[in-house]
Amino acid sequence: MPRKDAMNPAYPGGLLEREARRLPGDQPTVLVISDDVEFSRSITARWQVERHVPTFTLLSGDLWPCCIDNFAVAIIGPLRRELLSVVLEPLHSTQQPLFCVCRDAATAQLVQNRWPRASVLRTDDDDNWLNVLILAAGEAVLRAGAEARARAAEAACAALERQATLGRYILDMRHGLNNALTSLLGNSDLLLIEPGSLSAQARAQIETIRNMTLRIHEVLQRFSSLEKEMNVVAQQVERDSGKYRVAAAACD
């Protein structure tokens with residue numbers, strides 16, 4: 001009876017396995033597609049000795065195409081000739097780095113001519129092909145991770161810039177708001193010091209207006225305090241940066 005694991009071609013699910021050595025944060029995924037079980041095993045085994053090990057999605061050619069678009073690098077190993085176009089055509093149209101490992105010169109030439117974006121390696125021409133592949137694909141994975149972090153940082157900076165714009169607008173409008181609040185508080189106090197001139201309902205409404213005005217004033221005061229704290233922090237950062245520059249210059 002065949003062994004029921006996804007790396008066994010006799011298993012109905014075909015060659016499908018996810019392997020990962022997790023590092024903090026989201027891990028990039030390397031997509032490996034091949035009909036050769038040992039090829040896929042050699043990729044994952046060789047990568048284990050590297051410092052950064054990604055997540056792997058391993059597929060046989062029969063399981064492609066499938067809905068897998070969240071990968072950093074694609075590695076294509078030995079496939080039946082009729083599956084080359086099925087596998088390489090959709091991958092060639094993506095932006096992710098694409099590596100194709102071929103066993104003979106004819107297949108390598110075919111891949112280079114029809115899918116020029118693919119980086120082709122030959123197992124019959126270079127005994128060191130596995131190390132070369134891991135080195136090149138590893139650099140591509142690291143670059144993909146750096147680009148993803150850069151995009152996330154850009155999005156965070158854009159969000160912070162929008163918030164900073166709103167904060168600057170509020171600080172710029174603070175003086176005008178304080179003047180309006182002072183007028184509201186003064187007029188409400190004048191109305192409330194005449195006990196017999198207002199009905200109980202009108203007096204309650206004016207007291208509500210006065211209390212809400214005081215709350216808005218407290219919020220504006222917090223903005224003022226926050227602005228002062230931010231200025232102090234900015235000055236401290238500037239002083240520290242100056243010390244670091246002086247220390248760096250001394251080291252040089």
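None of the values given here were measured: they were computed from a predicted structure. (Residues numbered from 1 in each chain as written. Predicted model: local features only at pLDDT ≥ 70, side-chain atom pairs only at ≥ 80, totals over all residues. Heavy atoms only, no water.)

Here we look at the overall build of the protein chain
Point 1. Assigned secondary structure in the protein chain consists of five helices and six strands.
Point 2. Start at the N end of the protein chain and walk to the C end: the helices and strands fall as β-β-α-β-β-α-β-α-β-α-α.
Point 3. Long-range pairs, those at least 24 residues apart, make up 61% of the contacts in the protein chain with a sequence separation of at least 6.
Point 4. Per element, the accessible surface of the protein chain, about 16200 Å² overall, is 57% carbon and sulfur. (Helix = DSSP H or I, 4+ residues; strand = E, 2+ residues; numbered from the N terminus. Contact = heavy atoms within 4.5 Å. Areas by Shrake-Rupley, 256 points an atom, 1.4 Å probe, with all protein chains shown as cover.)

Things to note about the layout of surface pockets
Over the atoms a probe the size of a water molecule is rolled, and this reveals where empty space is left.
Point 1. In this structure, the second largest pocket spans a volume of roughly 260 Å³.
Point 2. What lines the second largest pocket is Gln 163, Ala 164, Gly 167, Arg 168, Leu 171, Phe 223, Leu 226, Glu 227, Met 230 and Asn 231.
Point 3. Those elements giving two or more residues to the lining of the second largest pocket turn out to be helix H4 (129–192) and helix H5 (200–251). (1 Å grid on protein atoms, 1.4 Å probe; cavity = no way out; pocket = protein on both sides within 12 Å on 5 of 7 lines; lining within 4 Å. Points joined across faces, edges and corners; volume = space filled by probe spheres on them.)

Considerations on the nonpolar core
Point 1. Judged by nonpolar contacts, the single largest core of 21 residues is most densely connected at Ile 43, Trp 47 and Ile 75.
Point 2. At the level of elements, strand E2 (29–33), helix H1 (37–47), strand E3 (55–59), strand E4 (73–76), strand E5 (98–102) and H4 are the ones that each hand at least two residues to this core.
Point 3. In terms of residue count, H4 provides more of this core than any other element does, seven residues in total.
Point 4. Setting aside residues up to four positions removed in sequence, Trp 47 forms contacts with Val 30, His 52, Val 53, Pro 54, Phe 56, Ile 75, Ile 134, Ala 137, Gly 138 and Val 141.
Point 5. In this structure, Ala 74, Ile 76, Val 87 and Cys 102 belong to the second largest nonpolar core, which totals 19 residues. (Core = buried A, V, L, I, M, F, W, Y, C linked by side-chain atoms within 4.5 Å. Buried < 20%, exposed > 50% of the residue type's maximum accessible area, 1.4 Å probe, protein only.)

Description of helix H3 (residues 105–114)
Point 1. What H3 keeps buried is the set Thr 107, Ala 108 and Val 111. All buried residues of H3 project into a common sector of 100° when viewed along the axis, lining one side. Relative to its buried face, H3 has exposed residues pointing more than 90 degrees away, namely Ala 106 and Asn 113.
Point 2. Against helix H2 (81–92), E5 and strand E6 (119–122) lie the buried residues of H3.
Point 3. By the N-cap criterion, in which a side-chain oxygen at the helix start approaches the backbone nitrogen of a residue two or three places on, H3 is capped by Asp 104, the distance to Ala 106 being 3.2 Å. (Arc of directions from axis to C-beta. Polar contact = N/O pair within 3.5 Å; in protein donor to acceptor, adjacent residues only side chain to side chain.)

Topic: H1
Point 1. Along H1, the positions that sit buried rather than exposed are Val 37, Phe 39, Ser 40, Ile 43, Thr 44 and Trp 47.
Point 2. A distance of 3.0 Å separates the backbone nitrogen of Glu 38 from a side-chain oxygen at the start of H1, and that oxygen is part of Asp 36.

Brief notes about the packing of aromatic side chains
Point 1. Here the structure, examined in full by the defined rule, presents two aromatic pairs.
Point 2. Ring centres of Trp 47 and Phe 56 lie 5.4 Å apart, and the angle between their planes is 65°; on these two criteria the pair is classed as edge-to-face.
Point 3. Residue Trp 47 is classed as buried on the basis of its relative accessible area, which comes to 2%. (Phe/Tyr/Trp six-rings, centres within 6.5 Å; stacked < 30°, edge-to-face > 60°.)

So, the pairing of E3
Point 1. A large share of E3 lies buried, amounting to five of its five residues.
Point 2. Here E3 shows two buried faces, one formed by Thr 55, Thr 57 and Leu 59 and the other by Phe 56 and Leu 58.
Point 3. Where the polypeptide runs from E2 across H1 and back to E3, its parallel neighbour, the crossover connection is right-handed. (Right-handed = clockwise from strand over helix to strand, strands pointing away.)

Concerning the confidence of the model for the protein chain
Point 1. Across the protein chain, the average pLDDT comes to 80, with 83% of residues at 70 or higher.
Point 2. Least confident of the elements in the protein chain is strand E1 (residues 16–20), whose mean pLDDT is 39; most confident is E5, at 94.
Point 3. Scored below 50 in pLDDT, residues 1–25 makes 53 contacts in the model with residues more than four places away or belonging to other chains. (pLDDT = per-residue confidence, 0-100.)

Digging into the packing of H2 against H3
Point 1. Viewed as axis vectors pointing N to C, H2 and H3 meet at an angle of 30°, and their least axial separation amounts to 12 Å. In terms of axis orientation, H2 runs roughly parallel to H3. The crossing of H2 and H3 is right-handed. Each of Arg 81, Leu 84, Ser 85, Leu 88 and Glu 89 in H2 lies in contact with H3, whose residues at this interface are Thr 107, Leu 110, Val 111 and Arg 114.
Point 2. When grouped by side-chain class, the residues that make up the contact of H2 with H3 number four nonpolar, two polar and three charged. (Axes fitted to C-alpha atoms, helices over the stretch in contact; angles between N-to-C directions. Parallel < 35°, antiparallel > 145°, perpendicular 65-115°, else oblique. Left-handed = near helix turned anticlockwise from the far one by under 90°. Nonpolar A, V, L, I, M, F, W, Y, C, P; charged D, E, K, R; others polar.)

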